[in-house]
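The lines below spell out each chain.
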Amino acid sequence: MSEESITRQQARKIGNGLDPRAWAVWLLAGAILTMLTRNPLYLLLLLAISRTVDTLCGNREGIGWSLPFWRVSAVIVLFSVLFNMLMAHIGSTVLFTLPESWWLIGGPITLEAAAFGFVSGLSLITLLSFFLAFSHAVPPHRMIQLVPRALHEMGLVALIAMTFLPEMLQQQRRIREAQAIRGNQIKGLRGWRPIIIPLIIGGFERSLNLAEAMVSRGFGATETQVHRMVHDCCYCWRWPWRWLVRCGWPGVASRAGSLWLPVLPFSFWLTD
Amino acid sequence: MTRSEQLLGGLLLFLASLVGVVALLLPFLVPIAQTTGGVTSTLRVGETPLLMLVLAVICLAILLVEFQGSRTNAKVVAALGVMVAGTAVLRFIEVAVPGPGGFSPIFLPIIIGGYVFGSRFGFLLGAMSILVSALITGGVGPWLPFQALAAGWVGLLAGWLPRPDNPGLQLIILVSYGFIWGFLFGAIMNLYTWPYLAGDPAQTWQQGSGLITTLKSYVAYYVATSLVWDTARAVGNVALIVVLGIPLVRALGRFRDRLRFEATTA
């Protein structure tokens, strides 16, 4: 037991240590390969690779629900095979024939169509498997690091949302308790109204507070505003600066920024 | 914002949406190109879904950048964050306690948000809600860009709905909008799995079969896979909007002016 669990832990550690960008490249490589091939052997190999990576590096703690992969896959492949058998009447290996008069599905049912459906279903579940492995291996807050600079604000929105999420869940519980104390019971859809409306209003009130906090920390300061600030600073510093220059203040001070404070007391002595 | 900038923005939006529509309709466009111009398809096996995915990602990125805008407003960012969190909570509940069929409560805030705060907010709300809730529930998949686009369009078009003063009329408009999107969302999301299940139109049993055959089999596919699901989604949307729609519109309306308010330094 111990040996197996140790290797799994080690693999998970390696997976967590990887940069999310590395995971994204891995995902892209796997997904593109899956999409470009229709060779069932390659697809099965890719499926095996992604499943192995998922079981070894996937971190399932904290996720309450995860997709029952094999069950979903079975349904997808089965559906794909049946759909293609009924809709595609290609190939020469006829299994049996449906009457031609049946709309759309009438015609010979062939083994080739079934094989085609199987490969299609296989490529779909392989793709699914790669994405599942990716989402298990990379924690959400690191996925947000993948957001490109151009979408910085949308990344911020996502971050705010993820931060607010637990608080919202708590708030919802609090409102429910408060309503229960007042004797309001949730009966049907209508019962949700006194919970959802306060939740939304409370959320918006907090969002306005958050916006104030953001603005006070300089968020959304436009370029012209910054320029103006710099200009104002320069303007108010201009007179003392000129005065200093006119006094023949040592040029050293202006060049070595950090040196000038200790030099200051002596500067008058030096210039005198 | 000057008039020309507005026009340019509109044009960009139009082009980006066109890219998205082309991406989704690619399985139908390839047979047309094959049958009409005598164009021999240069697409190899498996390239249609790849092309669709790449186009959808590009379209989504352009729309997000365009809607996010160059001028940042802290209040809009914060409000979006909170609304997205609320929608993600609903998605969380949906995943934990699955409703009947394709029923999903997330369309209610997206529709109402777009309706009250306008199409820009609506698009961002829809797309970001899908993206964030996918991160949280582990629903990251190849369907994600399509889902985000479709949900964004739900919010975008909700912003263009007429706003009569009469709450009864408002309710009728919102309810029918939710009902239509229940089916439309399913039809759009089906398009993404379509080239896998029905085969690549470039080089399969469908080669040279033309648009009509493709459309016919798509209808069969739609009826087989999602008609029941989509009906549940549409009915769920209607029920949620009837019960919560107008109170939500009123509650959000109170914040509309406060979000727009902005102090500028002259």
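Residues numbered from 1 in each chain as written. Chains lettered and ligands numbered in written order. Predicted model: local features only at pLDDT ≥ 70, side-chain atom pairs only at ≥ 80, totals over all residues.

Caption draft 1: A look at the overall build of chain B. A count of helical and extended segments in chain B gives nine helices and zero strands. Reading chain B from its N terminus to its C terminus gives the helix and strand order α-α-α-α-α-α-α-α-α. Within chain B, the fraction of its 266 residues that count as buried is 48%. Sequence-distant contacts, at least 24 apart, represent 81% of the contacts inside chain B between residues at least 6 apart. (Helix = DSSP H or I, 4+ residues; strand = E, 2+ residues; numbered from the N terminus. Buried ≥ 20, exposed ≤ 12 C-beta atoms within 10 Å, placed from the backbone. Contact = placed C-beta atoms within 7 Å.)

Caption draft 2: Examining the confidence of the model for chain B more closely. Residues and elements named next belong to chain B. Of all residues in chain B, 72% attain a pLDDT of 70 or more, and the chain-wide mean is 75. Mean pLDDT in chain B bottoms out at helix H1 (residues 3-35), which sits at 67, and peaks at helix H4 (residues 107-117), which reaches 89. In the predicted structure, residues 36-42 sits below a pLDDT of 50 and forms six contacts with residues beyond four places in sequence or in another chain. A low-confidence stretch, residues 200-208 stays under pLDDT 50, and its non-local contacts, those more than four residues away or across chains, total 28 contacts. Per the prediction output, this complex has pTM 0.71; the corresponding ipTM is 0.73. (pLDDT = per-residue confidence, 0-100.)

Caption draft 3: A look at helix H4 (residues 69-87) of chain A. In a regular helix each residue adds 1.5 Å, so 19 residues correspond to 27 Å; H4 of chain A covers 27 Å between its end C-alpha atoms and thus fits that length. Listing the buried residues of H4 of chain A in full gives Ser 80, Val 81, Phe 83, Asn 84, Met 85, Leu 86 and Met 87 of chain A. (Expected span 1.5 Å × (residues − 1).)

Caption draft 4: Here's a closer look at the nonpolar core. Judged by nonpolar contacts, the single largest core of 87 residues is most densely connected at Leu 80, Met 128 and Val 154 of chain B. Counting residues per element, this core draws most heavily on helix H3 (residues 74-96) of chain B, at 13 residues. Excluding anything up to four places from it in sequence, Leu 80 of chain B contacts Val 157 of chain A together with Phe 121, Leu 124, Leu 125 and Met 128 of chain B. Judged by nonpolar contacts, the second largest core, of 28 residues, contains Leu 43, Cys 57, Ala 113 and Ala 133 of chain A. (Core = buried A, V, L, I, M, F, W, Y, C linked by C-beta atoms within 7 Å.)

Caption draft 5: Helix H7 (residues 152-181) of chain A, seen in detail. Residues and elements named next belong to chain A. Compared with an ideal rise of 1.5 Å per residue, which puts 30 residues at 44 Å, H7 spans 43 Å between its outermost C-alpha atoms and is within 8% of the ideal. Of all the bends in H7, the greatest reaches close to 35° and is centred on Leu 165; the proline Pro 166 follows between one and four positions later. For H7, the complete set of buried residues consists of Glu 153, Met 154, Leu 156, Val 157, Ala 158, Ile 160, Ala 161, Phe 164, Leu 165 and Met 168. Immediately downstream of H7, the backbone of Gly 183 shows phi near 90°, a positive value. (Bend = angle between axes of the 7 residues up to and from the residue.)

Caption draft 6: Focus on the confidence of the model for chain A. Residue and element names in this part refer to chain A. With 69% of its residues at a pLDDT of 70 or more, chain A shows a mean pLDDT of 73. The secondary-structure element of chain A with the lowest mean pLDDT is helix H11 (residues 260-271), recorded at 44, while helix H3 (residues 40-57) shows the highest, at 89. Across residues 232-238 the pLDDT falls below 50, and counting only partners more than four positions away or on other chains, this stretch makes zero contacts in the model. Throughout residues 248-272 the model reports pLDDT below 50, and contacts reaching past four residues in sequence, or to other chains, amount to 12 contacts.

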